[in-house]
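# Commentary on secondary and tertiary structure
The primary structure of each chain is shown beneath.
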Amino acid sequence: MTPAQVLQFVKQKKIEFIDCRFMDFPGLWQHTTYPSSELKLSSFKEGFGFDGSSIRGWQAINESDMILVPVADTAKIDPFYDRPTLSLICDIKDPVTKKNYSRDPRSVGRKAVEYLKASKIADRAYFGPEMEFFVFDNVWYDQKINEAAYRVDSVEGIWNRGRQDITNLGYQVRQKEGYFPCPPMDTMTNLRSEMVAVMTAMGIPVECHHHEVATGGQAEIDLRFQELVHMADTCMYYKYIVKNVAARHGKVATFMPKPLFQDNGSGMHTHFSLWKGDRPLFAGKKYAGLSELGLYAIGGILKHAASLIAFTNPTTNSFKRLVPGYEAPVNLVYSSRNRSAAIRIPVYSDNPKTKRIEFRCPDSSCNPYLAFAAMTMAAIDGIKNKIHPGDPLDRDLYDLEPEEYEAIASAPTDLEEALDALEKDHRFLLEGGVFTEDVIHYWIMYKRENEVAALRQRPHPFEFCMYFDI
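Just so it is clear, the structure is predicted and the values come from calculations on it, not from any experiment. (Residues numbered from 1 in each chain as written. Predicted model: local features only at pLDDT ≥ 70, side-chain atom pairs only at ≥ 80, totals over all residues. Heavy atoms only, no water.)

So, on to the overall build of the chain. Each helix and strand in the chain was counted, giving 14 helices and 18 strands. Counting only C-alpha atoms, the chain reaches 65 × 60 × 50 Å along its principal axes. Every one of the 470 residues in the chain was classed for burial, and the buried ones make up 54%. Taking the contacts inside the chain whose residues are at least 6 apart along the sequence as the reference set, 68% of them involve residues at least 24 apart. Roughly 22000 Å² of accessible area belongs to the chain as shown, and the carbon and sulfur atoms make up 52% of that amount. Side chains of the chain carry 55 positive and 62 negative charges; the gap between the two charge centres is 6 Å. (Helix = DSSP H or I, 4+ residues; strand = E, 2+ residues; numbered from the N terminus. Buried < 20%, exposed > 50% of the residue type's maximum accessible area, 1.4 Å probe, protein only. Contact = heavy atoms within 4.5 Å. Areas by Shrake-Rupley, 256 points an atom, 1.4 Å probe, with all protein chains shown as cover. Lys, Arg positive; Asp, Glu negative; His and termini not counted. Charge placed at Lys NZ, Arg CZ, Asp CG, Glu CD.)

Spelled out as structure tokens, the structure:
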């Protein structure tokens, strides 16, 4: 909708409140709500003022004033509020310069699209993330000076198989056997269908939903591909809908990558393609039906994979998932069908319009604006500099000889290693002013101080198992 159409829509639907959404630096949605009478045509240019110093990773207190500028074509009726409410995603601007705020993740995503078009390589970048999550029946966790503990529970968790209770019906999903079981084993079918119904009603295109590999309520809802910024917007609505539908059924959804020990974690395999007009640029006659340009895009992503992962897998918990043995793509190679490779080329169809690459490292804890922008910049760098990815690896990686396996590059083993890689390798992200030195520097500093160091300083419960009697 245009701004004028939004105002007309508000009147027609008797909308009472306007909920303005925006993304903080690490990747959580924030919101503030206004009576609908406050939304005027001028609001779409002048915006609404707010305190930017109270948002994680943003302004200092002496320069706190910022502006929320609603984006008309993101308007959606919110299905979770009691009073008629219209949601609008907002861009962030500086009230003095009137320029887009460089640390606004959505601004970074828009600049990546603008740079792609200016490069003349392509005019559209399409993304199709497979966002996985867990739905638990309850959760508790705490960290105190003298104790640390967590517990998640699910009626379908394998750990409940021996529970002597009349409510236990014995249909628990075995570890690593959660992929596609029918009800009653799959207890989440109706819940996922409701999530999809809400998404569809809000104009979000969905392809399918299903149970995922892990026990304990792991799920996936697949989105139809969209352009970069629209898809990042959709990812945020997706998380919002999943969490709120679960909550109204007395359950809790989490996009934490690895909440369960010894079972598969939740990833966000990201399908990616570039187009120019109506022409899919990754389709050709090279390996697996790719074009030479598509191979160069793979080359760029693999070359910069370690630094990319600082954005696509940005939590300390992300690296509990990126370990061998759980279908995790820890090997920085590409293949047409090998799911242990960092990049896979799907071969389900010969239609050139479906030709894409799948970057399998990302997880749903990422800030999608930053993750998709960084992927696009790595692909552009590969295309511009004709970085060939080398030969594909179609063999089972776990059957390789030790010396063969050791020659394969691996993903970073923890967040600190990924941040170190980003610190050394980020020049490609600065092209066209898409990312800035300030954004890169502050991302690294924020993550090191607030996450890496914070975790390092705390005793881990398993350390008591290993060392208490030392």
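Axis separation between helix 6 (residues 292-303) and helix 9 (residues 368-384) bottoms out at 6 Å; the angle between their running directions is 120°. Classified by the angle their axes make, helix 6 and helix 9 are oblique. Of the two elements, helix 6 crosses helix 9, and the hand of that crossing is right-handed. Residue-level inspection shows Leu 293, Tyr 296, Ala 297, Gly 300 and Ile 301 of helix 6 in contact with helix 9, the latter providing Met 375, Ala 378, Ala 379, Gly 382 and Ile 383. Tallied by class, the residues present in the contact of helix 6 with helix 9 amount to eight nonpolar, two polar and no charged. (Axes fitted to C-alpha atoms, helices over the stretch in contact; angles between N-to-C directions. Parallel < 35°, antiparallel > 145°, perpendicular 65-115°, else oblique. Left-handed = near helix turned anticlockwise from the far one by under 90°. Nonpolar A, V, L, I, M, F, W, Y, C, P; charged D, E, K, R; others polar.)

This next bit is on the layout of surface pockets. One number sums up the size of the second largest pocket: a volume of about 760 Å³. Lining the second largest pocket are 38 residues, and of these Glu 130, Glu 220, Asp 222, His 271 and Glu 358 lie nearest its centre. Counted by class, the lining of the second largest pocket contains 13 nonpolar, ten polar and 15 charged residues. (1 Å grid on protein atoms, 1.4 Å probe; cavity = no way out; pocket = protein on both sides within 12 Å on 5 of 7 lines; lining within 4 Å. Points joined across faces, edges and corners; volume = space filled by probe spheres on them.)

Before going further, it helps to examine the pattern of salt bridges. Counted under the stated rule, the structure contains 21 salt bridges. Where Asp 91 meets Arg 106, a salt bridge forms, and the shortest distance between an N and an O atom there is 2.8 Å. Taken together, the residues Asp 91 in strand 6 (residues 85-93) and Arg 106 in helix 3 (residues 105-118) connect sequence positions 15 residues apart. Comparing Asp 91 with Arg 106 shows no difference in burial state: the two are buried. Where Arg 106 meets Asp 233, a salt bridge forms, and the shortest distance between an N and an O atom there is 2.8 Å. Here Asp 233 lies in helix 5 (residues 228-248) and Arg 106 lies in helix 3, a separation of 127 residues in the sequence. Both residues of the pair, Arg 106 and Asp 233, belong to the buried class. By sharing partners, the salt bridges in this structure join Asp 91, Arg 106, Arg 110 and Asp 233 into a single network. (Salt bridge = Lys/Arg side-chain N within 4 Å of Asp/Glu carboxyl O.)

All right, on to the packing of helix 3 against helix 5 then. Packed helices, taken two at a time, are described by the angle their axes make and the gap between the axes. Following both chains from N to C, one finds helix 3 and helix 5 inclined at 155°, their axes separated by 9 Å at the closest point. Here helix 5 runs roughly antiparallel to helix 3, going by the angle between their axes. Of helix 5, the residues touching helix 3 (which contributes Arg 106, Gly 109, Arg 110, Ala 112 and Val 113) are Leu 228, Val 229 and Asp 233. Here the contact of helix 3 with helix 5 is composed, by residue class, of four nonpolar, one polar and three charged.

As a further point, take the nonpolar core. The biggest cluster of nonpolar side chains holds 124 residues, and the ones touching the most others in it are Phe 272, Leu 274 and Phe 435. Here this core gets 13 residues from one element, more than from any other, and that element is helix 5. Excluding residues within four positions of it along the chain, Phe 435 makes contact with Val 108, Phe 311, Leu 370, Ala 373, Ala 374, Leu 429, Leu 430 and Ile 440. (Core = buried A, V, L, I, M, F, W, Y, C linked by side-chain atoms within 4.5 Å.)

Here we come to unusual backbone geometry. Here the bond from Pro 183 into Pro 184 is cis, since omega is 10°, no more than 30 degrees from zero. Relative to the assigned elements, Pro 184 resides in the loop between strand 9 (148-153) and helix 4 (189-201). Even without being a glycine, Lys 14 presents a positive backbone phi close to 55°. Take Lys 14: it is sitting in the loop between helix 1 (3-12) and strand 1 (17-23). A relative accessible area of 66% places Lys 14 in the exposed class. A positive phi angle, close to 70°, is found at Phe 180, a residue other than glycine. Counting through the fold element by element, Phe 180 comes out in the loop between strand 9 and helix 4.

Take the state of the cysteines next. If you walk through the whole model with that rule in mind, you get zero disulfides. There is no disulfide at Cys 182, and the cysteine sulfur nearest it, in Cys 208, is 15 Å away. Just so you know, Cys 235 is unpaired, no disulfide at all, and the nearest cysteine sulfur is the one on Cys 366, 7.2 Å from it. (Disulfide = S-S within 2.5 Å.)

In this model helix 3 runs 20 Å from its N-terminal to its C-terminal C-alpha over 14 residues, within 8% of the 20 Å that 1.5 Å per residue would give. In terms of burial, helix 3 is a largely internal element, eleven of the 14 residues being buried. For helix 3, the complete set of buried residues consists of Pro 105, Arg 106, Ser 107, Val 108, Gly 109, Arg 110, Lys 111, Ala 112, Val 113, Tyr 115 and Leu 116. Residues of helix 3 that are buried make contact with strand 1, strand 6, strand 7 (124-136), helix 5, strand 14 (268-276) and helix 9. Among the residues trailing helix 3, Lys 120 stands out with phi positive, at a value near 70°. (Expected span 1.5 Å × (residues − 1).)

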